[in-house]
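# Summary of structural features
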Amino acid sequence: MSIAFLKDERKELIIKQVSLHTRMSLTDLAATLNVSEDTVRRDINDLSDEGKLIKIRGGAMSKAYHHSSQLQETYAHQSKITIAEKALTLLHDGMLILMGGGTTIREFIKMIPADLKATFITVNPLTAVELLDKPNLEIIMIGGQISRYSQMSVGGEVYQRLSELKVDLCIMGTNAIDPKEGLTDSDWETVQAKKAMIRAAEKVAVLAISEKMNSVMRMKVADLGQIDYLVTELSADSAQLAPYRAGKINVL
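Calculation criteria
By convention here, each chain's residues receive numbers from 1 onward along its written sequence. It should be noted that, the model being predicted, local features are given only for residues of pLDDT at least 70 and side-chain atom pairs only at 80 or more, the latter also being counted only at that level, while totals for whole chains, interfaces and linings use all residues. Side-chain numbers come from the whole structure's heavy atoms, not from hydrogens or water. Going along the chain from the N terminus, every DSSP run of H or I of four or more residues is numbered as a helix, and every run of E of two or more is numbered as a strand. What the globule rule says is 2.2 Å times the number of residues to the power 0.38, and the radius of gyration is computed from C-alpha atoms. For each residue, the accessible area found with a 1.4 Å probe, counting protein chains only, is set against the maximum for its type, and the residue is called buried under 20%, exposed over 50%, and partly exposed in between. Here, residues are in contact when the closest pair of their heavy atoms is within 4.5 Å. Only the protein chains shown count as covering a residue, and every accessible area follows the Shrake-Rupley method with a 1.4 Å probe. A positive count includes Lys and Arg, and a negative count includes Asp and Glu. His and the chain ends are not counted in either. Charge positions come from single atoms, namely NZ of Lys, CZ of Arg, CG of Asp or CD of Glu. Two strands form a pair only when DSSP identifies at least two bridges running between them. Place the viewer so that the strands point away; then a crossover is right-handed whenever the path from the first strand over the helix to the second strand goes clockwise. To form a nonpolar core, buried Ala, Val, Leu, Ile, Met, Phe, Trp, Tyr and Cys residues must be joined to one another through side-chain atoms within 4.5 Å. UniProt positions are given in the numbering used here, feature names are shortened, and annotations may be inferred rather than shown by experiment. For a helix, the expected span equals 1.5 Å multiplied by the residue count minus one. Throughout, the arc means that of the directions going from the helix axis to the C-beta atoms. Fitted lines through C-alpha atoms give the axes, limited to the stretch in contact for helices. The angle between two N-to-C directions lies from 0 to 180 degrees.

- Going by an unreviewed UniProt entry, the chain carries the name DeoR/GlpR transcriptional regulator and comes from Spirosoma aureum.

### A few points about the overall build of the chain
- For the chain, the helix and strand inventory stands at 9 helices and 15 strands.
- For the chain, the C-alpha radius of gyration of 18 Å lies close to 18 Å, the compact-globule estimate for 252 residues.
- Across its three principal axes, the chain shows a C-alpha extent of roughly 55 × 40 × 35 Å.
- When burial is assessed residue by residue, the chain has 51% of its 252 residues classed as buried.
- Restricting to contacts in the chain with at least 6 residues of sequence separation, those with at least 24 account for 63%.
- A total of about 11,700 Å² of accessible surface is found on the chain, and carbon and sulfur atoms cover 49% of it.
- Each charge class in the chain was averaged separately, 30 positive and 32 negative side chains, and the resulting centres sit 2 Å apart.

### Section: the pairing of strand β4 (residues 96-99)
- As defined by bridge partners, β4 adjoins strand β5 (residues 118-122) across 4 bridges and the pair is classed as parallel. Looking at β5, one finds that Leu98 is bridged to Ile121.
- Assessed by its sense of winding, the connection that carries the chain from β4 through helix α5 (residues 103-111) to β5 is right-handed.
- As paired strands, β4 and strand β9 (residues 167-173) are joined by 3 bridges and run parallel to one another.

### Focus: the nonpolar core
- In this structure, Leu98, Leu162, Leu183, Met197, Ile198 and Tyr244 are the most contacted members of the largest nonpolar core, which totals 33 residues.
- When residues of this core are traced back to their parent elements, those giving at least two are α7 (156-163), β9, α8 (188-199), β12 (201-207) and β13 (219-222).
- Broken down by element, this core gets its largest block of residues, 5 residues, from α8.
- Once residues within four sequence positions are removed from consideration, Leu98 is found in contact with Ile121, Thr122, Leu162, Val167, Leu169, Cys170, Ile171, Met197 and Ala200.
- One finds Phe108, Leu116, Phe120 and Leu137 within the second-largest nonpolar core, a separate group that totals 25 residues.

### Re unusual backbone geometry
- Located in the positive-phi region is Asn34, a residue other than glycine, with phi close to 60°.
- By secondary structure assignment, the location of Asn34 is in the loop between α2 (26-33) and α3 (37-49).
- Residue classification places Asn34 among the partly exposed residues on the basis of a relative accessible area of 49%.
- A positive phi angle, near 65°, is found at Asn214, a position not held by glycine.
- Topologically, Asn214 is positioned in the loop between β12 and β13.

### Thoughts on the side chain of Thr190
- Along the chain, Thr190 turns up in helix α8.
- If sequence neighbours within four positions are ignored, Thr190 has contacts with Arg23, Tyr149, Ser150, Met152 and Asp185.

### Observations concerning the UniProt feature "domain: HTH deoR-type" (unreviewed entry) in the chain
- When the UniProt feature table is mapped to this numbering, "domain: HTH deoR-type" (unreviewed entry) covers residues 7-62.
- Between the first and last C-alpha atoms of residues 7-62 the distance is 19 Å; the span itself is 64% helix and 16% strand.

### Observations regarding α3
- In this model α3 runs 18 Å from its N-terminal to its C-terminal C-alpha over 13 residues, within 8% of the 18 Å that 1.5 Å per residue would give.
- All of the buried residues in α3 are Thr39, Val40, Asp43, Ile44 and Leu47. Within α3, the buried residues cover an arc of 135° as seen down the axis, which keeps them to one side.
- In this structure, the buried side of α3 is in contact with α1 (7-21), α2, β2 (54-56) and β3 (59-61).
- Looking at the residues trailing α3, positive phi occurs at Gly51, about 75°.

### Observations regarding the side chain of Ser210
- Relative to the helices and strands, Ser210 resides in the loop between β12 and β13.
- Ignoring sequence-local partners within four residues, the contact set of Ser210 consists of Glu233 and Leu234.

### Brief notes about the sheet that holds strand β10 (residues 176-178)
- Here 3 strands make up an open sheet; going across it, the order is β10-β11-β13 and the pairing antiparallel. With partners counted over all chains shown, the strands left at the sheet margins are β10 and β13, one partner each. Adjacent strand axes in the sheet meet at a mean angle of 40°, parallel and antiparallel pairs treated alike.
- Sheet topology note: the β10/strand β11 (residues 182-185) ladder contains 3 bridges and is antiparallel. The residue of β11 that forms the bridge with Asp178 is Gly182.
- Where α8 meets the sheet, its contacts fall on β11 and β13, and the angle it forms with β13 comes to roughly 15°.

Here it is, written out as structure tokens:
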């Protein structure tokens, strides 16, 4: 049986979904709320005017993902700090690291030790700028057309550049992760970029708050078996992580 939400309830759910997944398409929001895309579009317009999210083509983006965001706007901020602290254990001097973007990645960058000597490659302009604060890192930006949806460089030239790489570690976020369906997203260009990033890496680490677990979006990025590390805020022996521990993935 479908559930009808009042307008204020819809808006709260839209904010929650966009904050959780960083960005959401009109199609996915309409399916989640069981309303038309026109209804969702009107709600997003209202929320954008109220300064509660950022309207993008075909959907909405969390304010926390914007370059001008403030610390208090980051959803599940403490959980993302915990994830960042765990992910630091994967780093050591001399590594070649490919990195995506997002609010959890942002917390991770803040914690990278100032004396770490490594090379970071990214397709995300905001990630490149944030890495500039670390004096001993070499930073390489793979440029191209910037997706307004994911704020990543996308397109054939970007994928070609990534195909020429073999990095020690790829660190990325995800919009959804599930034991059976793996990593999924709802934007074609974002999916292609993430697929190329995974192929370019010896090891892949996915950083995700636990609320993104057991959720599925429309387009497949990778099977869980293609991921080497899953880093969440939960204890590694948490019962919630049991389906993820069943495979080859290392749960931190």
